[in-house]
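Results of the structural survey
The chain contents come next:
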Amino acid sequence: MQTLITKKIEEIDFNKLMDIYEESNWENLSMVESDIDEKSDKNILYQKVRQAYTDYLKNDFLKSGKNYLAILIDEKSYLSALRLFDGGKYFLLEALETNPSFRRKGYGEKLLSKVLDNFANREEIRSEVGKNNKKSLNLHKKLGFKIKEEREKNYLLVFKEDS
């Protein structure tokens, strides 16, 4: 098992990465513009969402050269992934997800721990977690994140090595 932390598009297998975000992509079908015929075929809409997310990662998120993708990989599959957005004085951790086929095996925790090991001594790391997402909130707290701010629908959590 290895962890890939990269800014480079060419190091990423986007088909495997999109497998991790399958569930979220299905949840985001309403975000894709479509004509009436396609609305009846959710698979076509799903492919559009998948492509739109891939395009965002390639053409916006990674193009800046400042942001990172972190991916936990075994011999054949991408197990878990997250994005690190460079906010200047901090990194914002986004989209921590585990491939639905590999959940409940600690892969999200392994990935997040590796990212903290690599970045926390240099930067503050922030994360926004929905108030209803108890599993994610518990994972963040377990790894040393503290609630900095309570918002209407989520918490802003902060990790600093000296905290």
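Everything below is about the structure printed above this text.
Reference entry: report on the structure contained in this document. Predicted model only: the values in this text are computed from it and were never measured. (Residues numbered from 1 in each chain as written. Predicted model: local features only at pLDDT ≥ 70, side-chain atom pairs only at ≥ 80, totals over all residues. Heavy atoms only, no water.)

Side note on the overall build of the protein chain
Put simply, the rule reads: What counts as a helix is a DSSP run of H or I of at least four residues, what counts as a strand is a run of E of at least two, and both are numbered from the N terminus. Residue burial is assigned from relative accessible area. The probe radius is 1.4 Å, only protein chains are included, and a residue is buried under 20% of its type maximum, exposed over 50%, and partly exposed in between. Contact between two residues is taken to exist if any of their heavy atoms lie within 4.5 Å; hydrogens are not considered. Surface accessibility in these figures is a Shrake-Rupley result with a 1.4 Å probe; residues are shielded only by whichever protein chains are displayed.
Counting secondary structure elements, the protein chain contains six helices and seven strands. The order of α-helices and β-strands along the protein chain, N terminus first, is β-α-α-α-α-β-β-β-α-β-α-β-β. Expressed as a percentage of its 163 residues, the buried residues of the protein chain come to 44%. Contacts in the protein chain between residues far apart in sequence, at least 24 positions, make up 58% of those at least 6 positions apart. Taken as a whole, the protein chain presents about 9700 Å² of accessible surface, with 44% of it coming from carbon and sulfur.

What about the environment of Gly106?
With respect to the element layout, Gly106 can be found in the loop between strand S4 (90-98) and helix H5 (107-119). For the pair Gly106 and Ser80, spaced 26 residues apart in sequence, the C-alpha to C-alpha distance is 9.6 Å.

Considering the nonpolar core
Selection rule: In this description, a nonpolar core means a group of buried Ala, Val, Leu, Ile, Met, Phe, Trp, Tyr and Cys residues linked to one another through side-chain atoms lying within 4.5 Å.
Of all hydrophobic cores here, the largest spans 25 residues; its most connected members are Leu82, Leu84, Leu112 and Phe145. Put simply, the parts of the chain that give this core at least two residues each are strand S2 (68-73), strand S3 (78-86), S4, H5, strand S5 (124-130), helix H6 (134-142) and strand S7 (154-159). If you tally residues by element for this core, the top one is H5, at six residues. Excluding residues that lie within four positions of it along the chain, Phe145 makes contacts with Leu93, Leu112, Leu116, Ile125, Arg126, Ser127, His140, Leu157, Val158 and Phe159. Ile12, Phe14, Leu62 and Ile71 belong to the second largest nonpolar core, which has 16 residues in total.

A look at the sheet that holds S2
What counts, and what does not: Strands pair, by our definition, only if DSSP identifies at least two bridges between them. Note on method: axes are straight lines fitted to C-alpha atoms, helices fitted across the in-contact stretch only, with angles between N-to-C directions ranging 0 to 180 degrees.
Pairing is mixed across the open sheet formed by seven strands, whose spatial order is S1-S2-S3-S4-S5-S7-S6. Every other strand in the sheet has two partners, leaving strand S1 (2-6) and strand S6 (146-150) as the edge strands with one partner each. Strand-to-strand, the axes of this sheet are offset by a mean angle of 25 degrees, without reference to chain direction. Across five bridges, S1 lies against S2 in antiparallel orientation. Counted as the bridge partner of Gln2 is Ile73 from S2. Packing of helix H4 (residues 42-61) onto the sheet brings it into contact with S2, S3 and S4, and relative to S3 it is tilted by some 40 degrees. Sitting on the sheet, H5 is in contact with S1, S2, S3, S4, S5 and S7, with an inclination near 35 degrees to S3.

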